[in-house]
Amino acid sequence: MLRPALLPLLAAGALGAVPAVAAGAPRDAFFARLSALCGQTFEGRIVSPPVEADRDFAGRRLVMEVRDCSENEIRIPFRVGEDDSRTWVIRRQAELRHPFRVPAALALGHDHRHEDGSEDRLSGYGGVTVAEGTEARQEFPTDRFSRELFEREGRSASTTNVWAVEVHPGRLFTYELRRPGRFFRVEFDLARPVEPPRAPWGG
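A quick note: this is a predicted structure, and the numbers were derived from the prediction, not measured. (Residues numbered from 1 in each chain as written. Predicted model: local features only at pLDDT ≥ 70, side-chain atom pairs only at ≥ 80, totals over all residues. Heavy atoms only, no water.)

Caption draft 1: Geometry of the side chain of S146. Tracing the sequence through the fold places S146 in helix α3 (residues 144–152). Separated by 2.7 Å, the side chains of S146 and D143 make a polar contact. (Helix = DSSP H or I, 4+ residues; strand = E, 2+ residues; numbered from the N terminus. Polar contact = N/O pair within 3.5 Å; in protein donor to acceptor, adjacent residues only side chain to side chain.)

Caption draft 2: Summary view of the layout of surface pockets. By volume, the largest pocket amounts to about 750 Å³. Lining the largest pocket are 26 residues; nearest its centre among them are F57, R86, H112, Y125 and R155. Of all the secondary-structure elements, those providing two or more residues to the lining of the largest pocket are β4 (83–92), β5 (106–112), β9 (172–179) and β10 (182–189). With four residues, the single largest contributor to the lining of the largest pocket is β4. Residues that form the lining of the largest pocket fall into these classes: twelve nonpolar, six polar and eight charged. (1 Å grid on protein atoms, 1.4 Å probe; cavity = no way out; pocket = protein on both sides within 12 Å on 5 of 7 lines; lining within 4 Å. Points joined across faces, edges and corners; volume = space filled by probe spheres on them. Nonpolar A, V, L, I, M, F, W, Y, C, P; charged D, E, K, R; others polar.)

Caption draft 3: Examining the pairing of β4 more closely. Buried residues dominate β4, accounting for eight of its ten residues. Where strand β3 (residues 73–80) lies against β4, seven bridges are found, and the strand directions are antiparallel. Looking across to β4, one finds that P77 is bridged to T87. With antiparallel pairing between neighbouring strands as the criterion, β3 and β4 make up a hairpin whose turn holds two residues, including G81 at a positive phi of roughly 60°. Bridging between β4 and β5 involves seven bridges; their strand directions are antiparallel. Counted as the bridge partner of R91 is A107 from β5. (Buried < 20%, exposed > 50% of the residue type's maximum accessible area, 1.4 Å probe, protein only. Pairing = 2+ DSSP bridges.)

Caption draft 4: Spotlight on unusual backbone geometry. Even without glycine at this site, D68 takes up a positive phi of about 50°. Tracing the chain through its elements places D68 in the loop between β2 (62–65) and β3. Look at D68 and you get partly exposed, because its relative accessible area is 44%.

Caption draft 5: Looking closely at the packing of aromatic side chains. For the structure on display, the rule yields eleven aromatic pairs. Seen from their ring centres, W88 and F173 are 6.2 Å apart, and the 20° between their planes marks the pair as stacked. With a gap of 85 residues between them, W88 in strand β4 and F173 in strand β9 connect regions that are remote in the sequence. Take F173: its relative accessible area is 1%, and that puts it in the buried class. An aromatic cluster is defined as three or more aromatic residues linked by ring pairs; in this entry it consists of F57, F78, W88, F173, Y175, F184 and F188. Positioned over the ring face of F31 is R92, at 4.3 Å from the centre of the ring. The side chain of R178 reaches across the aromatic face of F183, ending 4.0 Å from its centre. (Phe/Tyr/Trp six-rings, centres within 6.5 Å; stacked < 30°, edge-to-face > 60°. Lys NZ or Arg CZ within 6 Å of the ring centre and 35° of its normal.)

Below you can see the structure in the form of structure tokens.
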């Protein structure tokens, strides 16, 4: 079930069902690659240079679980040590949702929770694809809802965020964040699934 803060990012403005995608379209192939991982859990590591902003990740086990998959949405809890407050959400977007009317754009959302399952103030942000991308890599520049949220919460530097997700079957899943002066990238080994941790909130 969609969380309230994700609705502006993932659904606002969608006036109809997700349009059909031509067979072989890069976004369709990318979503299929990701869907094929559903039910599996993988361990990762940060490969970007260490910076102070990433101190909470240092020395902690990083685990992602591809779960809650449907035709148009995939939820990926990302656990950092014992902290299971983060979930990535990748969703197909209807054509009319997107300002450039790109058919079947993809959206990346970030759902953040407190220990009791309540929603964090900085939750629901993310981006929507504006370029075709490839079956292996999709990029998500910050959308308008997220820019407004960042400004309101005093995070103006994040308004230029561009996230990227890569899926290389049997090899790597990567999550990446870039903006001027900021680079974060974590890679997960798809060749070696691991046992899932305890279920996160809502699990």
